[in-house]
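# Understanding the architecture of this molecule
This is what each chain is made of:
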Amino acid sequence: MNSSLVRAYVGLGSNLNHPVRQIRSALASLDSITATCCVAYSSLYRSKPLGERAQPDYVNAVAALDTHLSAHELLQELHFIEAQHGRVRDGDRWGPRTLDLDLLLYGDQTHEGEALTVPHPGLPVRDFVLFPLHEIAPELHIPGAGSLANLMASCPPPALQAMHAAV
Ligand code: ROI
């Protein structure tokens, strides 16, 4: 636990078992994490699955949190919420999932470890992360990758569609 507040960003994704409901329920759960407050949500976006595997379209969103938790404490809370939503971590990185919560950014910290890497390595190249993130934090600078606006400009045409407001 930190005495100072850190602004963190979390990416949400689901393509199984009523994805819109999964994402809405997960957003509510993020808001009830201890010593943490959800300060913004993006809209929900429907996106084509990244990867070779044939699977249903995803619903994605991004949330901004202010937290007193350390990055690892916050990650544990995210894993707990995933498990509550029926997520089984079986090591399959490319398969469909009821709920995926990625810690995208933790303040301006950079950290590379076995359990956690921030910024999330997929952030700079994933349209389903960049666009919702831009909706809630257009001025954001990604440590080691530059401005969000520049990353979006070099992103191929996005394969995603804004659906509706999160709540
Ligand atoms: N594809 C999309 N569009 N959205 C995701 O959240 C997502 N998550 C994943 C993989 C399987 C890489 N593909 C995805 O984990």
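Note that the structure is a prediction, hence the values are computed from the model and not measured. (Residues numbered from 1 in each chain as written. Predicted model: local features only at pLDDT ≥ 70, side-chain atom pairs only at ≥ 80, totals over all residues. Heavy atoms only, no water.)

### Brief notes about the side chain of His 120
- Of note, His 120 is situated in the loop between β7 (117-118) and α3 (127-136).
- Not counting the four nearest positions on each side in its chain, His 120 is found in contact with Asp 102, Leu 103, Leu 104 and Arg 126. (Helix = DSSP H or I, 4+ residues; strand = E, 2+ residues; numbered from the N terminus. Contact = heavy atoms within 4.5 Å.)

### Quick word on the pattern of salt bridges
- Enumeration according to the criterion identifies six salt bridges in this entry.
- Here Arg 87 ties to Asp 100 by a salt bridge, and the two come within 3.1 Å at their closest N and O atoms. Linking Arg 87 in the loop between α2 (71-84) and β5 (100-106) with Asp 100 in strand β5, this pair joins segments that are 13 residues apart in sequence. Asp 100 carries the same exposure label as Arg 87, and that label is buried.
- If you follow the salt bridges from partner to partner, you end up with Glu 82, Arg 87, Arg 97 and Asp 100 in one network. (Salt bridge = Lys/Arg side-chain N within 4 Å of Asp/Glu carboxyl O. Buried < 20%, exposed > 50% of the residue type's maximum accessible area, 1.4 Å probe, protein only.)

### Here we look at the layout of surface pockets
- The calculated volume of the largest pocket comes to roughly 990 Å³.
- Residue lining of the largest pocket: 40 residues in total, with Arg 87, Arg 97, Asp 100, Asp 102 and His 120 positioned closest to the centre.
- When contributions to the lining of the largest pocket are tallied by element, the ones reaching two or more residues are β1 (6-14), β4 (58-67), α2, β5 and α3.
- Here the lining of the largest pocket gets five residues from one element, more than from any other, and that element is β5. (1 Å grid on protein atoms, 1.4 Å probe; cavity = no way out; pocket = protein on both sides within 12 Å on 5 of 7 lines; lining within 4 Å. Points joined across faces, edges and corners; volume = space filled by probe spheres on them.)

### Examining the nonpolar core
- Ranked by internal contacts, the top residues of the largest apolar core, which has 27 residues, are Leu 12, Ile 23, Leu 30, Leu 101 and Leu 103.
- Elements that contribute at least two residues to this core include exactly β1, α1 (19-31), β4, α2 and β5.
- Of all the elements, α2 adds the most residues to this core, at five residues.
- When near neighbours in sequence (up to four residues on either side) are disregarded, Leu 12 contacts Ile 23, Ala 26, Leu 27, Leu 30, Val 59, Asn 60, Ala 61, Val 62, Ala 63, Asp 100 and Leu 101.
- Val 62, Leu 104, Leu 140 and Leu 151 belong to the second-largest nonpolar core, a separate cluster that totals 19 residues. (Core = buried A, V, L, I, M, F, W, Y, C linked by side-chain atoms within 4.5 Å.)

### Concerning the site of the ligand
- In the region of the ligand, the neighbouring residues are Gly 13, Ser 47, Lys 48, Pro 49, Leu 50, Tyr 58, Asn 60, Arg 93, Trp 94, Arg 97, Asp 100 and Phe 128.
- Separating a nitrogen atom of the ligand from a side-chain N or O atom of Ser 47 is a distance of 2.7 Å.
- Lys 48 places a polar main-chain atom, nitrogen or oxygen, 2.8 Å from a nitrogen atom of the ligand.
- Here the ligand, which alone exposes 350 Å², has 96% of that area covered by the protein.
- Under a 2 Å grid-point criterion requiring more than half of the atoms, the pocket assigned to the ligand is the largest pocket.
- Of the residues assigned to the shell around the ligand, the class counts are five nonpolar, three polar and four charged. (Near = heavy atom within 4 Å. Polar contact = N/O pair within 3.5 Å; in protein donor to acceptor, adjacent residues only side chain to side chain. Areas by Shrake-Rupley, 256 points an atom, 1.4 Å probe, with all protein chains shown as cover. Sits in = over half its atoms within 2 Å of the grid points. Nonpolar A, V, L, I, M, F, W, Y, C, P; charged D, E, K, R; others polar.)

### Describing α2
- Over its 14 residues, α2 runs 20 Å from end to end, which matches the ideal 20 Å to within 8%, given 1.5 Å per residue.
- Residues Ala 71, Leu 74, Leu 75, Leu 78, Ile 81 and Glu 82 constitute the buried set of α2. Buried positions in α2, seen along its axis, are confined to an arc of 120 degrees and lie on one side of it. Looking at α2, the residues exposed on the side facing more than 90 degrees away from the buried face are Gln 76, Phe 80 and Gln 84.
- On its buried face, α2 is in contact with β1, α1, β4 and β5.
- Following α2 by one or two positions, Gly 86 has its phi on the positive side, about 80 degrees. (Expected span 1.5 Å × (residues − 1). Arc of directions from axis to C-beta.)

### Digging into α1
- When the terminal C-alpha atoms of α1 are compared, their 19 Å separation across 13 residues agrees well with the 18 Å that a helix rising 1.5 Å per residue should span.
- Taken as a whole, α1 has its buried residues at Pro 19, Gln 22, Ile 23, Ala 26, Leu 27, Ser 29 and Leu 30. The arc that holds every buried residue of α1, seen down its axis, measures 160 degrees, which confines them to one face.

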